[in-house]
Structure formats: structure tokens, C-alpha cells
Amino acid sequence: MTRNNLPLPLGSTIGILGGGQLGRMSAMAAERLGYRPHIYSVEQDSPGAQVAADVTYGAFDDIEAVAAFAAKVDVLTFEFENIPRATLEYLATLPHCRPNIDAILICQDRIAEKTWMETSSITVAEWLQVSSLADIDTACAKLGFPFVLKTTRMGYDGKGQAVARSREDAIAAFEHLAPHPLIAEAFVPFEREISIVLARGVGGELAIYEPVENIHQHHILHQSILPARLSAEQTNICTGYAARLAEALGFVGVMALEMFALPDGRILGNEIAPRPHNSGHWTMDACPCSQFDQHIRAVAGLPLGTTERHFDVVMHNLVGTEGFNAWSPLLAQKNVVPHWYGKTEVRKGRKLGHANELWAKGTMR
Ligand code: AMP
């Protein structure tokens, strides 16, 4: 084991919990940096398992299997945060998990996440915890209509939320969304959705990419576009949010903050991802050091790379049948760099790959 030596020597093993596309691209970056990726995957032949030198198959709640995996790796990191609490509590007893498990627990719970953002001086939409029908009445009075009800756990890609346009809507949503408590959040009349990806190293050093503009379809990321249409002041706000948050969490690795940009220039924090993020895939071809390279560098204790952007870029997410059909036309475009995730089955809403459309910097818009 080389885990106490930093930076991790060449040939050390990087364990990645999760075998999805983020695990696959992290494993590919680890290999390029001279490490041996070991993926822990629930499913056989997952995108990550297809490319990693070593794979352990097991469920996330199988603590014995997770422990056996953890014992074989020099550093243990994550591509997925919705891991059962008992497993995370076990992992918290180990010395070689990066990021720290507290940061993951915070990001699993919208109440902790919002509270943490507020204590890091990140402005968020007005919100309150909803545990009962009486709280629904308070939400209706305090937030006005419409407002949004969200589950506090396991929500992603718009799952586990509903827009309440009346008290009746709110009651119906309260009854079908689970588990409780929920949060109620003011509806944000945003101009754009944006996010920022950053890496923080073991010594606290930061590498922050430019904020990116995100277009969603059916609640799933459709495109990320750089440069984002943001003022210099808004860009500074985003960078400040990202830096304060990573610092407060004592984060090591790559994380992302999703935000709303309002017409009056304000930026509201929405959600934290404690791992590389779909809206950071543009960095793979527009930057010398991608978010996956940064993540491996950070958890391995290597110096972080540059976050300079050398192209304007549209990252096209390839989702479901529409994404499958877009693959060939995109491949035929000479300025597009394709990334397929090796998934064998096309399903509605499933992310199959992405493609970065590159333009000389300063020429796209
Ligand atoms: P989330 O799961 O919080 O990332 O929300 C998924 C999507 O729902 C966001 O990307 C927004 O498009 C939309 N959304 C979430 N919260 C709000 C809000 N408070 N006001 C308006 N739209 C929202």
C-alpha cells in the first residue's frame, strides 16, 4: 500500500466507487496519469468496468464487499453519491477516502446542502422544510405560487420534485413525494441555468473552471455552452461561491455547483455534486486538463492542472433514442470530438455519450 505517500507513486491503485460513465472517464484519466483504476460496480459490463484494469462487482449496501474493495486500493474516490448511509458510515472510518465522507453526506440531503450553502454565504432561493400539512400552509403563505416541492434525498435529473400552482397541487405533491421531510422552495424565474466545476487539492489549492451555461430538456442536461452569457461580475460571484464552498467542505477532488442566473444579475446556488459533473464534460476537449484529470490529480495529491479554455464549445449530451440517432451526424462533423459510454441498451432518459463541438476561441458567438 502506498496510500500514505503523497503524491501517490506511479502504478498505485485508484479505487472508484461506481461504474457509470463518470467512473469510466475517471478511470481513463487515472490510466493516463500512470495509475491503476479499480472500479466497484453494481452491474456487470458497466461503462466503468469495460475500461478499468480491475473490477469488483457488488452492491452499494454490501459493506463486506465494499470493505474488501477498499482494502485493495491506495485511494478511494466516488463517481456517484447516492450511496447508502451505513456504507458511508463504514467508509468514514477509513483513512483513504477522498473527498471526505462528510461532504458526501451533506450533498445527499437537500436540507444540509442548502444550510451549508447559506453558511458559506451563497445566496439560495427562499426555502423551508416541509414535514406536515401545516408546513404546506406555511409554504403557501410564505412563498406564494408557484413554488417547488422537492424530496431531500436521492433526487436527480428533476426526479422527486413537483411544481405547486395551488394549495391543492401542493397537498397532492406532499402526499405523493417521499420520503418526508420535503423542502418547499420559491420558484426562481431564472434567465439561465449555469454551473461551475472546480477541483481542490489535498493542500487546499483550487483550480476553478469558467462557469458554463446549461440547457435542459425533460429535466436532463441537453447542452453545455461556453462561453456562458454572464457578466464579469456574475462570473466573479460564481467563482467566489465555488471557492467558499469547497473550502468550507474541506473538499478534495472535483465538485460542481449548479446555479440559477437571474435577469437582475443575482446568482442563486441550487445543488452541489460532490464529484465530476455532466456539465464539466466540455473540459475534456476544450482544456489541457479535463475535470477527470483534475479529479485524479487532486485525490492522488498531484499538482492541479490549468483550467484554461482553448476553444469555444457546445457539449451535446446524447440521451435516449434521440441521442443514439444524433451520434452519426455528429461524428460526420469535423469539429466534434465524440465520447461514447459503451452502454449496450438504449433507454428513455439514459445518457449514452456526449460530443464536444469545438470552435476557435472567440468565434462561436
Ligand atoms: P434540481 O433537481 O434541484 O437540480 O432541479 C432540476 C431542475 O428543475 C433544475 O435544473 C431547474 O430547471 C428546475 N428547478 C429546480 N428548482 C427550481 C426552482 N426553485 N425554480 C424554478 N425551477 C427550478
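Our structure is the block above this text.
Residues numbered from 1 in each chain as written. Predicted model: local features only at pLDDT ≥ 70, side-chain atom pairs only at ≥ 80, totals over all residues. Heavy atoms only, no water.

J.: Any chance you could explain the pairing of strand β13 (residues 253–261) here in plain terms?
T.: Where a strand is regular, its side chains alternate between the two sheet faces. A large share of β13 lies buried, amounting to 9 of its 9 residues. In this structure, strand β9 (residues 192–200) lies alongside β13, joined through 9 bridges in antiparallel fashion. For I196, the partnering residue across the bridge sits in β13 and is L257. Sheet analysis places β13 next to strand β14 (residues 267–273), joined by 6 bridges and oriented antiparallel. Each bridged residue has a counterpart across the sheet, and for A256 the counterpart in β14 is A273. (Buried < 20%, exposed > 50% of the residue type's maximum accessible area, 1.4 Å probe, protein only. Helix = DSSP H or I, 4+ residues; strand = E, 2+ residues; numbered from the N terminus. Pairing = 2+ DSSP bridges.)

J.: Which parts of the structure should I look at to understand the sheet that holds strand β7 (residues 161–164)?
T.: Here 4 strands make up an open sheet; going across it, the order is β5-β8-β6-β7 and the pairing antiparallel. The outermost strands of the open sheet, each flanked by one partner alone, are β5 (127–130) and β7. Strand-to-strand twist across the sheet, computed as the mean angle between neighbouring axes with direction ignored, equals 25 degrees. Lying on the sheet, helix α6 (residues 133–143) is in contact with β5, β6 (147–151) and β8 (182–186); it crosses β5 at an angle near 165 degrees. (Axes fitted to C-alpha atoms, helices over the stretch in contact; angles between N-to-C directions. Contact = heavy atoms within 4.5 Å.)

J.: Got a minute to help me understand the packing of α6 against helix α7 (residues 167–176) in this structure?
T.: Any two packed helices are characterised by the angle at which their axes cross and by the distance between the axes. Where α6 meets α7, the axes come as close as 10 Å, and the angle between the chain directions of the two elements is 140 degrees. By the angle class used here, α6 and α7 are oblique. In this structure, the crossing between α6 and α7 has a hand that is right-handed. The residues of α7 that touch α6, namely those facing L133, I136, D137 and C140, are R167, A170, I171 and F174. Split into classes, the residues belonging to the contact of α6 with α7 amount to 6 nonpolar, no polar and 2 charged. (Parallel < 35°, antiparallel > 145°, perpendicular 65-115°, else oblique. Left-handed = near helix turned anticlockwise from the far one by under 90°. Nonpolar A, V, L, I, M, F, W, Y, C, P; charged D, E, K, R; others polar.)

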